[in-house]
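Structural features, examined
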2 protein chains.
Amino acid sequence: MRYSEKIILLVVSQLLLSYVLMGQEKEQYLKWEVGYHQTEDLSPEKWFPSIIPGAVQLDVMKAENYKQPYWYGNNVQQFDWMEDWYFTYKTTFDKPLLKHGQRVFFHSKGIDYQFKIFLNGNRIYEQEGMFTYVDIDLTSHLKEKNELKVLIMPVPKIKEASEYVPRTETYRQNARESVKPAVSYGWDWHPRLVTRGIWDETYLEIRNESNINNVDFTYRLSDDLKKASIDLFLKGSHLNGKNYKWLLKDKTGSIVIEKEGVLNTKINKISAQLNNPELWWPNGYGDPVLYENEIFLYDEDGAVLDEKKKNIGFRRVRLIMNEGEWERTGDFPKTRNRSPASLEVNGLRIFAKGSNWVHPEIFVGLITPETYEKQIQLAKDANFNLLRVWGGGITNKESFFDYCDKKGIMVWQEFPLACNNYSNESKYLSVLEQEATSIINRVKEHPCLAVWSGGNELFNSWSRMTEQSLSLRLLNSLCYQMTPDIPFIYTSPLYGMGHGGYVFYDESNSKGPEVFQWMAKEDKTAYTEFGISSLSSLETLKKIIPQDELFPPKSGTSWEIHHAFEAWGKDSWLQLPFLEKYFGKIESIEELVYYSQLSQSEGLKFIYEEARRQKPYCSMALNWCFQEPWPTAANNSLINWPNEIKPAYYEVANACRPVLSSLKVSKFLWSEGDEFSGELFILNDTYNSIPAGKLKVTMIYDGGKKISIAEWDYGKCKPFENQRGPIVSVKLPALKKGLFKIEIDVIGNSNLNSTYTFLCQGENVKEIIPEGIN
Amino acid sequence: MRYSEKIILLVVSQLLLSYVLMGQEKEQYLKWEVGYHQTEDLSPEKWFPSIIPGAVQLDVMKAENYKQPYWYGNNVQQFDWMEDWYFTYKTTFDKPLLKHGQRVFFHSKGIDYQFKIFLNGNRIYEQEGMFTYVDIDLTSHLKEKNELKVLIMPVPKIKEASEYVPRTETYRQNARESVKPAVSYGWDWHPRLVTRGIWDETYLEIRNESNINNVDFTYRLSDDLKKASIDLFLKGSHLNGKNYKWLLKDKTGSIVIEKEGVLNTKINKISAQLNNPELWWPNGYGDPVLYENEIFLYDEDGAVLDEKKKNIGFRRVRLIMNEGEWERTGDFPKTRNRSPASLEVNGLRIFAKGSNWVHPEIFVGLITPETYEKQIQLAKDANFNLLRVWGGGITNKESFFDYCDKKGIMVWQEFPLACNNYSNESKYLSVLEQEATSIINRVKEHPCLAVWSGGNELFNSWSRMTEQSLSLRLLNSLCYQMTPDIPFIYTSPLYGMGHGGYVFYDESNSKGPEVFQWMAKEDKTAYTEFGISSLSSLETLKKIIPQDELFPPKSGTSWEIHHAFEAWGKDSWLQLPFLEKYFGKIESIEELVYYSQLSQSEGLKFIYEEARRQKPYCSMALNWCFQEPWPTAANNSLINWPNEIKPAYYEVANACRPVLSSLKVSKFLWSEGDEFSGELFILNDTYNSIPAGKLKVTMIYDGGKKISIAEWDYGKCKPFENQRGPIVSVKLPALKKGLFKIEIDVIGNSNLNSTYTFLCQGENVKEIIPEGIN
């Protein structure tokens, strides 16, 4: 639903400013106060001003002079006491002037999580669930002066997980009987901070007797994608006998469908056919073409009673079997083939490059359209075409999907289930059904929607759900009924997909400790999570860690609160033992940040490029994770909160270029005298042919010395096909400076150039970072 | 629906014998004729008598003096011409005498496959699908003399598979746009013979104005299984103001629930609670306790207007993760864990032993309750507790489920999809939705129902369906909505389950050619198909193969028509090269039958026992296949058509005893001088403790010579736990007769004894079958 054309009324300090357009509709934003109380029947002792949308924690923090910012040092722990308290929001307003037949609705796009609503002391509504819009007709209850209260119930918990054991798996189990995002209960990059309150747009709305409640825009594309058969379902009040006009405008504003008529029932179906629709394409494969759909409702005299506008796009998306998988077969007894994990859009296989989207803010009420716009632009600039919206977090606000539509970013939308064995009980299932239905309705018409997923890592031992779990069967059933053309998967990873690893160096991995080693031996259909942790920038570290704790980092300090220690095992995400094993004793915070970020950059570059080298069998590479909801000291993210780009982001963006040269190297850490070698590739994810050409490979070391390693005259690359080149090698000289680079220079086409950094250990190495490398 | 208490009218040669009970209801069985015609608009040139239920092929065969029986020699090919012809059934009847408000219905429980119904020349109905009951109110169309016609459309085919290439995979693709069982189009044990016609009970029925149309009996068991909360949903016509009585009787006939009241709407819900319900248990785990549910409808004067009776049972069935699977985890990147494949009934894990149920008759109209009763008794006597009703065949008639209920045989019910990539088009999906809904309604209240499955081998390369296939998502959604408490799987095999192999000796298997070798190295969650082919008995062979073709068997003869050659590759199912490699040149049909059946017996014994030795991880062993729909020359079945027991049946029954001694041996074929060895086990699938005891192992050879190999004092076995014993061994003497036996004698408990036959090759071996072995 869009309200951009509606009349808006802002209520400031009980003052009603009435601004009337078309004499029909009003939105009134109200001023709220909030207070807390220990039991449901009590009233707050104090009332504080509340900023809406927001969270109860933020209002109390401001009113009671908590240490700020909440993300500094251990300030976040100030909120711990609130979980089991009740909060009440309160507002008062005068009864609006209503024309004949007009009604007043209380509308909220999100109240987190379980709540009851009272008007003038009478309970008029209750709901469990933060994703279902609240829409209550207040008209018959209104007095001249009215008091509206929203009572927020305590945080959902289960008794089995009542003991407060930070950073254990039992912790998040509190979420397994509710549709409250599990991340709030604590994650390896998110403190325990269970936010609550009104978190999305909330207002009074005055509606005409005749209005359009909902417009469902559905279409079927012909097999050859040349025709779109469109069905529009109009739902509303008092539509009978009213005139409508339906306009569909293309990207230039030209009208391509125009229909007028008279409505006659409660639900009206209007159909039309569009020939040669311009298709919506994901980033890197074409333009994300949008059309504008408009519906106008008129009275007998031709005056506009209501109108609805939205952008829509035409595309066909499928999840098909990875190329070559059907040819894989084993001996008897045969088990099934792997699950399909290859996205096909408008008839073309897509190599999906992207990232896992988590909360951009701990306090989801603070997320604005600008938050989304900036970050989705960064995703596009990184050459990404897919974001997996991870099931541990929220389903985003409407504007998230608008920006993904506009920027050609496909959305893999998970339902709010993650790393738990969610309940099979009817109470949970009924809340889930309500919330999932609301989520599907929020997202279903956006062309960016590519895949539904039941949630995160549900079929793994730490969650223990299966295909028999009723909540997943319910979600599959709802998605099938409401959006049969959109792929649905129960969870990620499915059979054949891979999650992890998350560090550069892991001695327990039997395929080799370095990311370069295990990744080269994998054969997954899709790498839907993988990460390399790194420190945040020095600027961020100084903002969140008190000066006296800054160096050396120690557990039990703000470093630990910000996930550098004990976040996921003892040494993560800082990974100090690895860093000192590779780079020697580290003497300064600057060196620490540099080495940590270098390992993230080179590790992620290897995984993205290797996943692409494994095409066509491999279909997808999504790192863990894109951003973070508060400033961490160390994390897997590419972007520090709120929007600070880590060096790895640029390396990933380069590794995701539609076409590039690539060198597959067996390890990062070399020794003096080793025969360094790598295999050359041209990687082509586009449906263009890439002309033949020549490239040169050069080693650069010790502050600018060069060795020419090889040249390769590569042939023409076919559309969507990589080209494999020769193995090139060089005997490593006795380096004085440990870090050295390999550069690929594509003659006359520097957009395809690539550069890699490696480390050499040896007797002659006196320092790690040579001049000219930085 | 049951009609046992209803008035029945048989129409014989147009003569109406009217027998009236309660003055209310009538069933009239009509006399039918049938004829064929080449186009839809033509009428048959000749009309033949038709036996209903039956098939059009059978009626033509009799009327036109085809060679009989249809299963002899190549007689089956006489039906080939019929596929693209139309058939019309015709009957005439007088308008029945009707009391006030009474209506006449045409009711059929099955018309195969696509048809139109005409009354007095007017088309009154059409349907695609053989599993949806036809129920048409004829009343307003009736004249004094009436003619009813059923027009049967040609066999469904797809244009891509129109070329007639017997025994190829494209063959069965004709079924992929219909809900016609795929097996009719030809399988490795089923000729191409696409049956059609009226295949289940069909009659006119006179109904009172007030009647009960349907009784839905649903219940929820409390977590501790001590309380059943029952909801009865009554649906019917003119129920308002009528009195009902509801009786639930336990197995002794005692009334445990009695409720009376007045009905008031079209759908009435009546609830009750039953404390300490006696639970329904599968064979080997307790009694399959049934209750009788009765509903009576009365008029104001207390006269019975209608009644419905059915048996019901209380049980809770789940598909849970195999024991130990959650402890299995690999390196990063981690994929999902395997799919759960362990049945839990009433809180106890069950080791599922059973078989794959196929068509018991090619002409499904010939299947009677007696067919089902005999075969289900055989399944029970084989110590089976589960039948997988394979998706290539039909959903069975109602009495199948009644017998499974009574005998404690759980049913894994597949929908009619097998080995095809079924269409995603809306036409197919709408027929599938109708048929699946009917199937679910037919089966859902039977306590024997344990698992729904979408169909056979759909996620394998020869089918190429996936979790994204719309037909499977539809089936999952329907089952979730209609029977949420019953497990649903998309197909078999799922990830971790195994299908195959199907022969004793397969050189292509990398784990070893003998079934003893590959099976010992497997770690599947469930062996849901496996088989060893063998010849049928000499009596059967003589019945189906002309004397002059009998020996030696040759391809291109009746042997091939009956699946001994070219049924599944060149040498199956006879497997002559294997038999001669093991047993030498075979000189008679008697020897051939003996060796073939011996290899089936010992091979299947090994697989069932080895699957049980792999418990608790392994949860299931279901051989391919239980029976066959016509007499084959060679097949994997345990029972030859119609009901002849193969020797392997007895060995399988022994291997499935709840408790037994077992010897795990590494191979079947030994050489003179080898150190023969095997590992001892006590296998216990029951929830009883097995007392400690002693057993002796003896080798018997050359017509009665014995060598004592070992003794074992085994300890007490815990409930549902096996006990592993020592490895015992003996140096093989120079045998004169190739076959030798190993016997396990459990002292004082001969029910647990086991015997195994092996083969030794060596210079001294002069003959294979020694005296005293047979």
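In the block above lies the structure referred to throughout.
Residues numbered from 1 in each chain as written. Chains lettered and ligands numbered in written order. Predicted model: local features only at pLDDT ≥ 70, side-chain atom pairs only at ≥ 80, totals over all residues. Heavy atoms only, no water.

Here's the deal with the interface of chain B and chain A
In plain terms, the rule: Every residue pair with non-hydrogen atoms within 4.5 Å of one another is taken to be in contact. Defined in terms of a 1.4 Å probe, buried area is the accessible area two parts forfeit on being brought together, summed over both. By salt bridge we mean one thing: a side-chain nitrogen of Lys or Arg within 4 Å of a carboxyl oxygen of Asp or Glu. We define a polar contact as two N or O atoms separated by no more than 3.5 Å, with the added condition that, inside protein, one atom must be a possible hydrogen donor and the other a possible acceptor, whereas residues neighbouring each other in sequence contribute only through side-chain atom pairs. Only DSSP runs of H or I reaching four residues or more are called helices, and only runs of E reaching two or more are called strands; each is numbered from the N terminus.
Each partner contributes residues to the interface: chain B has 57 residues there, and chain A has 57 residues. Regarding the contact of chain B and chain A, the summed buried area is about 4,700 Å², with carbon and sulfur atoms giving 52% of it. Applying the counting rule to chain B against chain A returns four salt bridges. The salt bridge involving Glu 467 of chain A is made with Arg 336 of chain B; its shortest N-O contact spans 3.1 Å. Our count for the contact surface shared by chain B and chain A stands at 31 residue pairs in polar contact (both at pLDDT 80 or more). Of all the elements, helix α6 (residues 470-482) of chain B adds the most residues to the side of chain B that touches chain A, at eight residues.

Description of the packing of helix α6 (residues 470-482) of chain A against α6 of chain B
What counts, and what does not: Axis angles are defined between N-to-C directions and span 0 to 180 degrees, where every axis is a line fitted to C-alpha atoms and, for a helix, only to the segment in contact. Should an angle fall under 35 degrees it is called roughly parallel, over 145 degrees roughly antiparallel, and 65 to 115 degrees roughly perpendicular, with every other angle called oblique. Crossings are classed by handedness, with left-handed meaning an anticlockwise turn of the near helix from the far one by less than a right angle and right-handed meaning a clockwise turn.
Between α6 of chain A and α6 of chain B, whose axes approach to 9 Å, the crossing angle comes to 120°. Compared by their axis directions, α6 of chain A and α6 of chain B come out oblique. Of the two possible hands of crossing, α6 of chain A and α6 of chain B adopt the one that is left-handed. Packed against α6 of chain A, whose contacting residues are Leu 470, Arg 473, Leu 474, Asn 476, Ser 477, Cys 479, Tyr 480 and Gln 481 of chain A, the element α6 of chain B presents Leu 470, Arg 473, Leu 474, Asn 476, Ser 477, Cys 479, Tyr 480 and Gln 481 of chain B at the interface.

Here we look at the packing of aromatic side chains
Two descriptors summarise a pair of aromatic rings, namely the distance from one centre to the other and the angle between the planes of the rings. Residue and element names in this part refer to chain B. For the record, the criterion: Pairing of aromatic rings covers Phe, Tyr and the six-membered ring of Trp, with a centre-to-centre limit of 6.5 Å; geometry is then stacked below 30 degrees between planes, edge-to-face above 60, and tilted otherwise.
Throughout the structure, instances matching the rule amount to 125 aromatic pairs over all chains. Taking the centre distance of 6.2 Å and the plane angle of 25° together, the rings of Tyr 66 and Phe 79 count as stacked. Linking Tyr 66 in the loop between α1 (56-63) and β6 (86-94) with Phe 79 in the loop between α1 and β6, this pair joins segments that are 13 residues apart in sequence. Considering the side-chain rings of Tyr 594 and Tyr 595, the 5.8 Å spacing of their centres and the 70° angle between planes classify their relative orientation as edge-to-face.

Digging into the relation of the copies chain B and chain A
We apply this condition: The copies were overlaid by least squares, fitting only the C-alpha atoms of residues that reach a pLDDT of 70 or more in each copy.
Take chain B, turn it by 180°, move it 0.0 Å along the axis, and it overlays chain A with an RMSD of 0.1 Å. Each copy turns onto its partner about a two-fold axis. Closest approach to the rotation axis within chain B is made by the C-alpha atom of Ser 477 of chain B, at a distance of 2.3 Å. When the interface residues of chain B are mapped onto chain A, 100% of them are again interface residues, pointing to one common binding face.

With respect to the sheet that holds strand β39 (residues 675-684) of chain A
All names here are of chain A. The line we're drawing: Pairs of strands are assigned from DSSP output, requiring at least two bridges between the strands.
With antiparallel pairing, the three strands of this open sheet are ordered in space as β37-β39-β42. Each having just a single partner strand, β37 (659-665) and β42 (723-731) make up the two edges of the open sheet. In this sheet, adjacent strand axes meet at a mean angle of 25° when their direction is disregarded. Along the sheet, helix α11 (residues 589-613) makes contact with β37 and β39, crossing β37 at roughly 100°.

A look at the pattern of salt bridges
All names here are of chain A. Our working rule: Exposure is judged per residue with a 1.4 Å probe applied to protein chains only, and the accessible area is read against the type maximum: over 50% gives exposed, under 20% gives buried, and values in between give partly exposed.
For the structure shown, the criterion picks out 96 salt bridges over all chains. A salt bridge links Arg 328 to Glu 325; the nearest nitrogen and oxygen atoms lie 4.0 Å apart. For Arg 328, a relative accessible area of 34% translates into the label partly exposed. Judged by relative accessible area, which is 3%, Glu 325 ranks as buried. Linking Asp 685 and Arg 612 is a salt bridge whose minimum nitrogen-to-oxygen distance equals 3.1 Å. Here Asp 685 is found in the loop between β39 and β40 (693-701), whereas its partner Arg 612 is found in helix α11, with 73 residues between them in sequence. Across this residue pair, the class does not change: Asp 685 and Arg 612 are buried. One connected set of salt bridges, linked through shared partners, spans Glu 83, Asp 84, Lys 157 and Arg 192.

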